[in-house]
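Below are the chains, spelled out letter by letter.
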Amino acid sequence: MKIRLDQVVKTFDTFRAVHGVSLEVASGELVALLGPSGSGKTTILRMIAGLEFADGGAIYFGDQDATAIPVRERGVGFVFQHYALFPHMTVGENIAFGMKVSKVKRSKSEIAARVDELLKLVRLEGLGNRFPSQISGGQRQRVALARALAVDPKVLLLDEPFGALDAAVRRDLRVWLREIQEQLGITTLFVTHDQEEALDLADRVVILSEGKIVQEGTPEEVTRRPNSAFVTRFLGDTNRLQGQVGGGQVQLGGTAVAAPGIRDGKADVYVRPADLEWAVEGEGLSATVTRVIDRPDHRRVLAKLADGTQIELDVPPETRVLRGDIGVLRVHRANIFAA
Amino acid sequence: MSAAVTGKKPPRVGDSPAVRRTLITLVLLVGAVLVLAPLIVIFVQAFSLGLSAFAAAIGQPDTLHAIFLTVVTALIAVPINTAFGVAAAWAVTKFDFPGRRLLIVIIEIPFSISPIVAGVAYLFVYGLQGLFGPALQAADIKILFALPGIVLASLFVTAPFVARELIPLMQAQGRDLEEAATSLGASGWRTFWSVTLPNVRWALLYGVVLCNARVMGEFGAVSVVSGNIRGQTNTLPLHIELLYHDYQTAGAFAAASILTVLAVVTIIAKVALERRGAGRRSRVSLAAPNVIAEGEKP
Amino acid sequence: MKRRVLPGLPLALGITIFYVALIVALPLGALIFKAASLGLDDYWRIISSNRALASYRVTAGSAAVATVFNLVFGMALAWVLVRYNFPGKRLVDAIVDLPFALPTAVAGIALTTLFAANGWFGAPLAAIGIPVAYTPLGIMVAMAFTSLPFVVRTVQPVLEDLDPALEEAAQSLGGSDWTIFRKVILPLLTPALLAGVSLSFARSLGEFGAIIFIAGNQPMQTEITALLAFIRLEEYDYQAAAAIASVLLITAFVMLAVTNLLQARALRYTQRS
């Protein structure tokens, strides 16, 4: 099922949560809505579900205008941030609920068979008789997913699906969710504030800020070609340097970095820690090391430029560098925006 | 010294034996005088003339009628206020609308108003000197000094009981469960019956129990509107007053002992329901959405 | 018309508003209407008559004493129930609610019997020259009984949720028990104590059933305001009854506002800790 949002607007009391958002999600695609809190991402997801009604614009499911269809009839599977499992029902009863209330009548054995099938899909065989309070957070998450899938939704929507889980469980579930989504081929949108999660999981990432889409594209597009300082900063650690653009280039400590399409004048140059190289001497920005932090796969060097700017860079673990060392930084790659 | 305290928890504030003993003794003593003694004196007085006198006092036609009237009043008033409490809690916790907070305050108003004021107020609606009194008399409809008046006064006094148990709980539970049920295709009634109600059932019952106790025990408001007609419009608490002022002390206490048993049963039910998470203790712990009492079902 | 996701608002809100209007607003409105129809001069004359003023003094004065008693005793009771273990503790905890569960008329005759000159407590007290029943002291006893649970039940949960680390921190800084209680624990309990006190006071002002048996009901001396309204009614002086009841009603609204304010503050406090 293809989904299309056309100039969707939502206002809460006096506060405008979503400003004219347009978006298309292809059938079978897995899309992340990524943004900081207050960016309107959850509101958009809830409007697609029918848990909020848009104040303006339209939402299409396929060619059908779904804007006014109530959530009950919209045929979406929604996984709530805190799962919203019915605490007084067993895992099995939770999963069966949608089938029991459906207009399509199913026999008891049919429902039981489907529940078993879903339990197997989410790898919770044998836990059907437990109550939500008796299983772990990660298991609850999977029950919530199974419950949403039980009604054969046209679209799967997940609100911060891994937000309440610890890091290790989160990584496992991410891989697993991707597998299930590919297996079922269901159009899926999820909301997250975690850029790593969005990049890991999604075919396409939609980045939101203050109720507007600021960039959308594949993980490769948004990471390699962020279209704004906001996106650059939001997607990961970065250093900000001041530079002067002239003739499609910016000069940084003797090295020239290409700045295609940026008008001449002052510019902000964003450089990721891994895109800087440390050298004892030669061309580059001279810097003094203030601290070295050792991490499993690299060393993070904190350094200070001559003008006092704090810089962070990642160097290979075997690099010999100490606090107080003086050397030069070479910029390999940068994102440049006119200031 | 250090060997003596090994494995013991260090003392908290007020844990010294002297303070501890003094406070416990003081509290138990005052509690015994103020709370336990009245409880005991009721039964002592009720049986002061012996068991047969007690039975005779209860078996008096007027007393039996007062019991009957009290039960009938409760059977009418409690279900009505339960339905109201559920509707009010659904409206104010599952939706946002202007004036929502004001409505919650208004619902709680009867709780803070003297029952006498409630009784007097009803007089000025349905009494002869009230708004509808003359019209009602012309139509020969009797509200005051009859069962409807007693029921209305009881409804006023106990209107908030169920709502005030449900509102904080349903507020804390949020709307996620109902939204989830709706997103899975459940209708409004279905959502209410199979998702909302099971999660608030103990709090609901708690409110019902307290509401019932108050309806059956209400004195002030009912005494204004009932007319105190012996054997006709006397509820049990009013009948107790009547007997007491007639110097039938043993009879008054015999009747009072029935209401005392009701109070004790109410407290036992209250404790049992609090263990299941209803009432004041639940309001903090139930705030987390997916927590239910462990061991509720094996 | 905004569409809503969950169904049932029109029905539920309709029932609620209709019911509140019929059961709560209509009678209170009728009372206010009746009182207002008196005219300012008559109204003032009734509510400021000597007998009415005396009833306010008796009611408010007794309520104040009963509330102070309940503040101290309720605080002690809550402390004992939360901090100490002793046999029968759960029974004590349960029985604290008896004044709420016991019908006021029953409480009234029981307390009167206990504190009458020939009662279990009344006799020894009368012997040392402290008559209780049929004096203002009796009113205070009845008020203290009926409003006993308020302070306990507002303080208890706050005390239970008090972070032990706060006390530990104070202990590690060298505070004595008494200092820690006064400087750390008591301030944290204050909002709850105030909320309990205002509830207790409001309840005492409006109490009727438990008091009329023990009070003696002598005009100017042991006649509470609620009883005065009732007496005016029995004298068929409906306007006076309306006026005096309206005073109780206005007082109740003021107390409601105070209580709501204090409870909101108490809630903020518990949520923060």
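On a predicted model such as this, the values are computed, not experimentally measured, just so you know.

S.K.: Just give me the short version of the overall build of chain B, but keep the residues and values in it.
M.R.: When helices and strands are counted, chain B shows 15 helices and zero strands. Taken over the C-alpha trace, chain B has a radius of gyration of 24 Å; the compact-globule value for 298 residues is 19 Å, which it surpasses by more than 25%. The dimensions of chain B, computed from C-alpha atoms along their principal axes, are 75 × 60 × 35 Å. Scored against the burial criterion, the 298 residues of chain B give a buried share of 50%. Within chain B, counting contacts between residues at least 6 apart in sequence, those at least 24 apart form 73% of the total.

S.K.: Can you explain the overall build of chain C? Please cite residues and give values.
M.R.: In terms of helices and strands, chain C carries 14 helices and zero strands. Each helix and strand of chain C, ordered N terminal to C terminal, gives the series α-α-α-α-α-α-α-α-α-α-α-α-α-α. By its C-alpha atoms, chain C is 75 × 65 × 35 Å across when sized along the principal axes. By residue count, 49% of the 273 residues in chain C fall in the buried class. Contacts in chain C between residues far apart in sequence, at least 24 positions, make up 77% of those at least 6 positions apart.

S.K.: Explain the sheet that holds strand 4 (residues 56–61) of chain A residue by residue, including any values.
M.R.: All names here are of chain A. Taken together, four strands build an open sheet; the order of strands is 2-1-4-5 and the sheet is antiparallel. Each of the sheet's edge strands pairs with one partner strand only, and the pair in question is strand 2 (15–25) and strand 5 (64–65). Both strand 1 (residues 3–12) and strand 4 contribute to a ladder of five bridges, which runs antiparallel. Paired with Ile3 across the bridge in strand 4 is Phe61.

S.K.: How would you summarise the UniProt feature "transmembrane region" (unreviewed entry) in chain C if you had to cite specific residues and measurements?
M.R.: Residues and elements named next belong to chain C. In this numbering, the UniProt entry assigns the feature "transmembrane region" (unreviewed entry) to residues 12–36, 56–82, 94–117, 123–145, 184–202 and 240–262. Along residues 56–82 one finds 100% helix and 0% strand; the C-alpha atoms at either end are 37 Å apart. Note that residues 184–202 is 100% helix and 0% strand, and that its end C-alpha atoms are spaced 28 Å apart.

S.K.: So, the interface of chain A and chain B: which residues are in play, and what are the values?
M.R.: Many authors give the size of an interface as the accessible area that is lost as the parts come together. With 24 residues of chain A at the interface, the matching set in chain B holds 20 residues. Contributing elements (two or more residues each) for the side of chain A that touches chain B: helix 2 (71–74), strand 6 (76–79), helix 3 (91–101) and helix 5 (137–149) of chain A. No other element matches the three residues that helix 3 of chain A contributes to the side of chain A that touches chain B. Residues that form the side of chain A that touches chain B fall into these classes: 16 nonpolar, five polar and three charged.

S.K.: Go over the domain arrangement of chain C with me, naming the residues and quoting the values.
M.R.: All names here are of chain C. Per the domain assignment, the segments making up chain C are domain 1 (1–37) and domain 2 (40–272). Taking only C-alpha atoms, the centre of domain 1 and the centre of domain 2 are 31 Å apart. With five residues of domain 1 at the contact, the number on the domain 2 side is six residues. Class assignment of the residues belonging to the side of domain 1 that touches domain 2 gives a composition of four nonpolar, no polar and one charged.

S.K.: Residues and numbers for the pairing of strand 17 (residues 299–305) of chain A, please.
M.R.: All names here are of chain A. Pairing analysis gives seven bridges linking strand 16 (residues 285–294) to strand 17, with the strands arranged antiparallel. Within strand 17, the position partnered with Val289 by the bridge is Ala303. Counting the residues between successive antiparallel strands, the hairpin from strand 16 to strand 17 contains four residues. With six bridges joining them, strand 17 and strand 18 (residues 310–315) adopt antiparallel strand pairing. Paired with Arg300 across the strands is Asp314, a residue of strand 18.

S.K.: Kindly report on the interface of chain B and chain C, identifying the contributing residues and their values.
M.R.: Contact with chain B, which involves 79 residues of that partner, is made by 78 residues of chain C. It is helix 2 (residues 17–46) of chain B that contributes the most residues to the side of chain B that touches chain C, 17 residues altogether. A breakdown of the residues in the side of chain B that touches chain C according to their chemical character gives 55 nonpolar, 14 polar and 10 charged.

S.K.: So, the sheet that holds strand 9 (residues 204–209) of chain A: which residues are in play, and what are the values?
M.R.: Sheets are built from strands that pair by backbone hydrogen bonding, the pairs being arranged parallel or antiparallel. All names here are of chain A. Strand order across the open sheet formed by six strands is 6-7-8-3-9-10, with mixed pairing between neighbours. Both outer strands of the open sheet, strand 6 and strand 10 (212–217), are each paired with one neighbouring strand and no more. Across the sheet, the axes of successive neighbouring strands diverge by a mean angle of 15°, strand direction being ignored. Sheet analysis places strand 9 next to strand 10, joined by five bridges and oriented antiparallel. Within strand 10, the position partnered with Ser209 by the bridge is Lys212. Sheet strands touched by helix 5: strand 6 and strand 7 (155–159). Its angle to strand 6, the strand with the most contacts, is close to 165°.

S.K.: Break down helix 11 (residues 188–217) of chain B for me, with residues and values.
M.R.: All names here are of chain B. With 30 residues, helix 11 ought to run about 44 Å at 1.5 Å a step, yet its terminal C-alpha atoms sit only 36 Å apart, falling short of that. Arg201 marks the point of greatest bend in helix 11, at about 60°. Among the 30 residues in helix 11, 21 count as buried, and that is most of the element.

S.K.: Give me the domain arrangement of chain B: which residues, what numbers.
M.R.: Residues and elements named next belong to chain B. As assigned here, chain B comprises domain 1 (13–46) and domain 2 (50–285). The gap between the C-alpha centroids of domain 1 and domain 2 is 31 Å. Contacts between the two partners involve five residues from domain 1, matched on the other side by eight residues from domain 2. Taken together, the residues of the side of domain 1 that touches domain 2 sort by class into four nonpolar, one polar and no charged.

S.K.: For the environment of Ala169(C), give the residues involved together with the corresponding values.
M.R.: The topology assignment puts Ala169(C) in helix 10 (residues 164–172). Sequence separation between Ala169(C) and Ala240(C) is 71 residues; the distance between their C-alpha atoms is 59 Å.

S.K.: Would you mind going over helix 6 (residues 167–184) of chain A in detail, with residue names and values included?
M.R.: Each full turn of the α-helix corresponds to 3.6 residues, which orients residues three or four apart in the same direction. Residues and elements named next belong to chain A. The terminal C-alpha atoms of helix 6, which comprises 18 residues, lie 26 Å apart, in line with the 26 Å expected from a rise of 1.5 Å per residue. Every buried residue of helix 6 is listed here: Arg170, Leu177 and Gln181. Angular distribution of buried residues about the axis of helix 6 spans 25°; they occupy a single face of the element. Residues of helix 6 that are exposed and angled more than 90 degrees away from the buried face: Ala168, Asp172, Val175, Glu179, Glu182 and Gln183.

S.K.: Give a description of the environment of Gly261(A) that names residues and reports values.
M.R.: Secondary-structure assignment places Gly261(A) in the loop between strand 13 (255–258) and strand 14 (265–271). Counting along the chain gives 12 residues from Gly261(A) to Gln249(A), while the straight-line C-alpha distance between them is 9.5 Å.

S.K.: Outline the packing of helix 4 (residues 61–94) of chain B against helix 11 of chain B, listing residues and values.
M.R.: Residue and element names in this part refer to chain B. Where helix 4 meets helix 11, the axes come as close as 9 Å, and the angle between the chain directions of the two elements is 140°. When the interaxial angle is binned, helix 4 and helix 11 end up oblique. Crossing of helix 4 against helix 11: the hand is right-handed. Contacts between helix 4 and helix 11 pair Thr70, Thr73, Ala74, Ala77, Val78, Asn81, Thr82 and Gly85 from the former with Gly207, Val208, Cys211, Asn212, Val215 and Met216 from the latter. Of the residues that constitute the contact of helix 4 with helix 11, the class distribution is seven nonpolar, seven polar and no charged.

S.K.: Which residues make up the UniProt feature "transmembrane region" (unreviewed entry) in chain B, and what values do they have?
M.R.: The UniProt feature table records "transmembrane region" (unreviewed entry) at residues 21–47, 67–90, 102–123, 143–163, 203–229 and 249–273 of chain B. Segment residues 21–47 of chain B splits into 96% helix and 0% strand. End C-alpha atoms: 36 Å apart.

S.K.: Residue-level account of the packing of helix 11 of chain B against helix 14 (residues 249–275) of chain B, with values.
M.R.: Residue and element names in this part refer to chain B. One can describe the packing of helix 11 onto helix 14 by two numbers: an axis separation of 10 Å at closest approach and a directional angle of 165°. Looking at the two axes, helix 11 sits roughly antiparallel to helix 14. Here helix 11 runs over helix 14; the crossing is left-handed. Packed against helix 11, whose contacting residues are Trp202, Leu205, Tyr206, Val209, Ala213, Met216 and Gly217, the element helix 14 presents Leu259, Leu262, Ala263, Thr266, Ala269, Lys270 and Leu273 at the interface. By residue class, the composition of the contact of helix 11 with helix 14 is 11 nonpolar, two polar and one charged.

S.K.: Tell me what's going on with the nonpolar core, and back it up with residues and numbers.
M.R.: Looking at soluble globular proteins, one finds that nonpolar side chains tend to be buried together. Within the largest apolar cluster, 174 residues are counted, with the highest numbers of intra-cluster contacts made by Val120(B), Leu166(B), Ala229(C) and Ala245(C). Ranked by residue count, the leading element in this core is helix 4 of chain B, at 13 residues. Discounting residues that sit within four places of it in the chain, Val120(B) has contacts with Val224(B), Leu31(C), Ala229(C), Leu233(C), Ala241(C), Ala242(C) and Ala245(C). Listed in part, the 78 residues of the second largest apolar core include Leu23(A), Val191(A), Val231(A) and Val5(C).

Calculation criteria
- Residues numbered from 1 in each chain as written.
- Chains lettered and ligands numbered in written order.
- Predicted model: local features only at pLDDT ≥ 70, side-chain atom pairs only at ≥ 80, totals over all residues.
- Helix = DSSP H or I, 4+ residues; strand = E, 2+ residues; numbered from the N terminus.
- Rg over C-alpha atoms; globule rule 2.2 N^0.38 Å.
- Buried ≥ 20, exposed ≤ 12 C-beta atoms within 10 Å, placed from the backbone.
- Contact = placed C-beta atoms within 7 Å.
- Pairing = 2+ DSSP bridges.
- UniProt positions renumbered as here; feature names shortened; annotations may be inferred.
- Nonpolar A, V, L, I, M, F, W, Y, C, P; charged D, E, K, R; others polar.
- Domains from an automatic or database assignment.
- Axes fitted to C-alpha atoms, helices over the stretch in contact; angles between N-to-C directions.
- Expected span 1.5 Å × (residues − 1).
- Bend = angle between axes of the 7 residues up to and from the residue.
- Arc of directions from axis to C-beta.
- Parallel < 35°, antiparallel > 145°, perpendicular 65-115°, else oblique.
- Left-handed = near helix turned anticlockwise from the far one by under 90°.
- Core = buried A, V, L, I, M, F, W, Y, C linked by C-beta atoms within 7 Å.

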